[in-house]
Amino acid sequence: MTDYDHQCEVQLLRLYERVSYLNSDKCEKLELTNNEQMTLKLTWNAWVGGDATKKGLEMFCRMFENHKETKEVFDFAKGSSVQKMQAEARVMFHVTRVMQMLTKVIQNLDHLEECVPELRQLGGRHGVCGYNVPPAYFPHLGEAMRQLMSKDLGTWTPAHNALWERTYTFIYTQMVKGEKAYGGGAGKR
């Protein structure tokens, strides 16, 4: 297969996933009011505060603290302290990519069909043919993020928590769909 053929295949898959999402049932979509979109954008920007990588590392550390089993999935995190992880290029690369994807979702709340193909491809890479991450681990990162937002943002309310939980559930649901479709099935340990 030539590079051109591969690029065509990738673009066709992206188009397929986009159209699939647009034609999916209303219950499978994340529908947000303008106020909810603005709340998500404001809380994200206030929390990230210009240093998304720092917040991402805090998020992963909190997840590892809350759910020790998740650390086993990350070769770079096994037995590592926070200071050691900060110095590890693979950790920081991964954290940066996760935060970039979350930022992209937040920036595209009014047209999430732009993000669904990437989220599903990302899920595919996390399946048994890739990183082999159990889908039950995906919610743990969102839980860690909400805990940190609650701690860091003085204006955090139960309504913020519910909105972010709904949004992160949408994100990981798309990843699980991709994991099943493109990753050889859902990851298992």
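Sequence order as written defines residue numbering, which begins from 1 separately in each chain. Under the rules for a predicted model, residues below a pLDDT of 70 receive no local features and side-chain atom pairs below 80 are neither given nor counted, while totals for whole chains, interfaces and linings still include all residues. Calculation of side-chain values draws on the structure's entire complement of heavy atoms; hydrogens and water are dropped beforehand.

## Considerations on the overall build of the chain
Inclusion rule: Numbered from the N terminus, helices here are DSSP runs of H or I no shorter than four residues, and strands are runs of E no shorter than two. Exposure categories follow from relative accessible area, calculated using a 1.4 Å probe and restricted to protein chains: below 20% of the type maximum is buried, above 50% is exposed, and the middle band is partly exposed. By definition in these notes, contact holds between two residues if any of their heavy atoms fall within 4.5 Å.
Helix and strand counts for the chain stand at eight helices and zero strands. Counting helices and strands in the order they occur from the N terminus, the chain gives α-α-α-α-α-α-α-α. Considered along the principal axes of its C-alpha atoms, the chain spans approximately 45 × 40 × 25 Å. Per-residue burial over the chain gives 42% buried out of 189 residues. A separation of at least 24 residues holds for 73% of the contacts in the chain among residues at least 6 apart in sequence.

## Topic: the layout of surface pockets
Condition: Here a cavity denotes a set of grid points, spaced 1 Å apart and computed over the protein atoms alone, in which a 1.4 Å probe fits but from which it cannot get out, and a pocket denotes an open set meeting protein on both sides within 12 Å along at least five of seven lines; residues with an atom within 4 Å of a point are reported as lining. Grid points are joined across faces, edges and corners, and a volume is the space filled by probe spheres set on the points. The nonpolar class holds Ala, Val, Leu, Ile, Met, Phe, Trp, Tyr, Cys and Pro. Asp, Glu, Lys and Arg form the charged class, and all remaining residues, Gly among them, are polar.
If you add up the space inside the largest pocket, you get close to 870 Å³. Around the largest pocket, the lining is made up of 32 residues, and of these His94, Val98, Leu122, His126 and Tyr131 lie nearest the centre. For the lining of the largest pocket, the elements supplying multiple residues, two or more each, are α3 (52-66), α5 (89-107), α6 (116-125), α7 (138-152) and α8 (158-182). Broken down by element, the residue count for the lining of the largest pocket peaks at nine residues, all from α5. Here the residues of the lining of the largest pocket are counted per class, giving 20 nonpolar, five polar and seven charged. Put simply, the second largest pocket is a space of about 160 Å³. His6, Glu9, Val10, Leu13, Gln121, Gly124, Arg125 and Tyr182 together form the lining of the second largest pocket. Among the elements that line the lining of the second largest pocket, the one with the most residues is helix α1 (residues 3-22), at four residues.

## A few points about α3
What counts is decided by this rule: What a helix is expected to span follows from its residue count: subtract one and scale by 1.5 Å.
If you check α3, its first and last C-alpha atoms are 21 Å apart, about what 15 residues at 1.5 Å a residue would give, namely 21 Å. Taken together, the buried positions of α3 are Lys55, Gly56, Leu57, Met59, Phe60, Cys61, Arg62, Met63 and Phe64. If you follow the buried residues of α3, they end up packed against α2 (34-48), α4 (82-87), α5 and α7.

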